[in-house]
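The residues making up each chain are set out below.
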Amino acid sequence: MDYKKAGVDIEAGYKSVELIKEHVKSTMRPEVLGGLGGFSGAFSLAAIKGMKNPILLSGTDGVGTKIKLALLMDKHDTVGIDCVAMCVNDVACAGGEPLFFLDYIACGKNYPEKIAAIVKGVAEGCKQAGAALVGGETAEHPGLMPEDEYDLAGFAVGVADEKDLITGEQIAEGDVLVGIGSSGVHSNGFSLVRKVFDMTRESLDTYYDELGATLGETLLTPTRIYVKALKALKDAGVTVKGCSHITGGGFYENVPRMLPENKRAVIKKDSYPVPPIFKLIQEKGAIDEKMMYNTYNMGLGMVLAVSADQSDKAVEVLKAAGEQAWIVGCIEQGEREAVVC
């Protein structure tokens, strides 16, 4: 008896590390100390010494059951972007710059090429966010997970000067809500998606004219990363008073998280175009409209609160940064809640 016969292939682990090295190297920042293979990732904080009061920010998340689609389609090079996005968007939402990221892959069996494809996506997400991939873990779990399955999670650490934190405390009546377009379903609500559509390769390979792509291609579109968009606003002198990352729980759970007491956010449904994938999900699943807005981002990956006199500029800056953006509502006096009307 040996470890390999027990289900853990150490040699496959070594091969995985070799295959991912080039992807990891592509994410490096000057602050990263040492190379791949140490027991911990080292990151110099010398560059933040100029901040008056640096605050570390962190975010952790996974990809959820979207991985089921990746397994069915045997396409594993985009879920890593999702994993990074879910973490770094939360850091950016608080006004932070993501510094570094670590991932955790649990699998029933280590297939080096599959692991390398996953990490390739993680590295791409890190590059989009400007974060370094400083480490990670791939764990084989024979007997706990089926051999062909895996799960993916990670966490990001970022920094912001205290004066630049986005807290929502200064949101006032009359402020304007700016929505930034999503790339689709992102990484939330897939348990419902999997009930609406048949989860077969044939179903996922079905082409829909309204989508301009197959169902599988549309659903696997990776989560958009908003780090550079928020930085563009800061560099342009736009003060973001509040920021909501629209993830699980949709508008009704996430938008109130940025609001102070006695302020409510009113979002106009007809202020921006809802992507066709959400209309398809709603129709195929006979889902109540409020449930859609309580589950999905409905085409807005982030909702920002800015002063009325900066709202037009915010939209212009975001569009110049390559984002879709619209004025989607306003802040009113009232109970802390999101109103979609």
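Everything that follows concerns the structure shown earlier in this document.
Residues numbered from 1 in each chain as written. Predicted model: local features only at pLDDT ≥ 70, side-chain atom pairs only at ≥ 80, totals over all residues. Heavy atoms only, no water.

Caption draft 1: Main features of the packing of helix α8 (residues 227–235) against helix α12 (residues 311–320). Two elements in contact, α8 and α12, have axes separated by 9 Å at closest approach and are oriented at 130 degrees. Overall, the two elements α8 and α12 adopt an arrangement that is oblique. For the crossing formed where α8 meets α12, the hand is right-handed. Side by side, α8 and α12 meet where Ala 229, Ala 232 and Leu 233 of the first sit next to Ala 314, Val 317 and Leu 318 of the second. Looking at the contact of α8 with α12 residue by residue, the class counts come to six nonpolar, no polar and no charged. (Axes fitted to C-alpha atoms, helices over the stretch in contact; angles between N-to-C directions. Helix = DSSP H or I, 4+ residues; strand = E, 2+ residues; numbered from the N terminus. Parallel < 35°, antiparallel > 145°, perpendicular 65-115°, else oblique. Left-handed = near helix turned anticlockwise from the far one by under 90°. Contact = heavy atoms within 4.5 Å. Nonpolar A, V, L, I, M, F, W, Y, C, P; charged D, E, K, R; others polar.)

Caption draft 2: Local environment of the sheet that holds strand β6 (residues 150–161). Spatially, the four strands line up as an open sheet ordered β3-β6-β4-β5, and their pairing is mixed. Bordering the open sheet on either side are β3 (54–62) and β5 (132–140), each of which pairs with just one other strand. Neighbour to neighbour, the strand axes of the sheet diverge by 15 degrees on average, direction disregarded. Lying over the sheet, helix α4 (residues 112–129) contacts β4 (97–107), β5 and β6, oriented at roughly 165 degrees with respect to β4. (Pairing = 2+ DSSP bridges.)

Caption draft 3: How the structure looks around α12. Buried residues of α12: Ser 311, Ala 314, Val 315, Val 317 and Leu 318, and no others. The buried residues of α12 all sit within an arc of 165 degrees when viewed along its axis, so they share a single face. Opposite the buried face of α12, at more than 90 degrees from it, the exposed residues are Asp 312, Glu 316 and Ala 320. Contact partners of the buried residues in α12: β7 (176–181), α8, β12 (300–306) and β13 (325–333). Just downstream of α12 lies Gly 322, where phi reads positive at about 95 degrees. (Buried < 20%, exposed > 50% of the residue type's maximum accessible area, 1.4 Å probe, protein only. Arc of directions from axis to C-beta.)

Caption draft 4: Structural view of the packing of aromatic side chains. If you walk through the whole model with that rule in mind, you get four aromatic pairs. Pairing Phe 43 with Phe 100 gives two aromatic rings, centres 5.2 Å apart and planes at 45 degrees, and the pair type is tilted. Here Phe 43, found in strand β2 (residues 42–43), pairs with Phe 100, found in strand β4; they are 57 residues apart in sequence, far enough to count as distant. Pair check on accessibility: Phe 43 and Phe 100 agree, each one buried. On the basis of an interplanar angle of 50 degrees and a centroid distance of 5.4 Å, the ring pair of Phe 251 and Tyr 293 is categorised as tilted. (Phe/Tyr/Trp six-rings, centres within 6.5 Å; stacked < 30°, edge-to-face > 60°.)

Caption draft 5: Highlighting the pattern of salt bridges. In the structure shown here, the tally under the stated rule is 16 salt bridges. With a shortest N-O distance of 3.0 Å, Glu 97 and Arg 29 are connected by a salt bridge. Here Glu 97 is found in strand β4, whereas its partner Arg 29 is found in the loop between α1 (10–25) and β1 (32–33), with 68 residues between them in sequence. Using a relative accessible area of 15% as the deciding quantity, one classes Arg 29 as buried. Linking Asp 164 and Lys 163 is a salt bridge whose minimum nitrogen-to-oxygen distance equals 3.3 Å. Residue Asp 164 is classed as partly exposed on the basis of its relative accessible area, which comes to 24%. (Salt bridge = Lys/Arg side-chain N within 4 Å of Asp/Glu carboxyl O.)

Caption draft 6: Looking closely at helix α10 (residues 276–285). Regarding α10, the residues found buried are Ile 277, Phe 278, Leu 280 and Ile 281. Down the axis of α10, the buried set is contained in an arc of 160 degrees. They therefore lie on one face. Positive phi shows up at Ala 286, right after α10, with a value of about 50 degrees.

Caption draft 7: Broad picture of the side chain of Ser 244. Summarising the element assignment, Ser 244 is placed in strand β10 (residues 242–245). Among the residues examined, Ser 244 registers a relative accessible area of 2% and is labelled buried. In this structure the side chain of Ser 244 is engaged in a polar contact, spanning 3.1 Å, whose partner is the backbone oxygen of Asn 254. There is a polar contact of 3.4 Å between the side chain of Ser 244 and the backbone oxygen of Val 255. In contact with Ser 244, other than residues within four places in its own chain, are Cys 93, Asn 254, Val 255, Met 258, Gly 301, Met 302 and Val 303. (Polar contact = N/O pair within 3.5 Å; in protein donor to acceptor, adjacent residues only side chain to side chain.)

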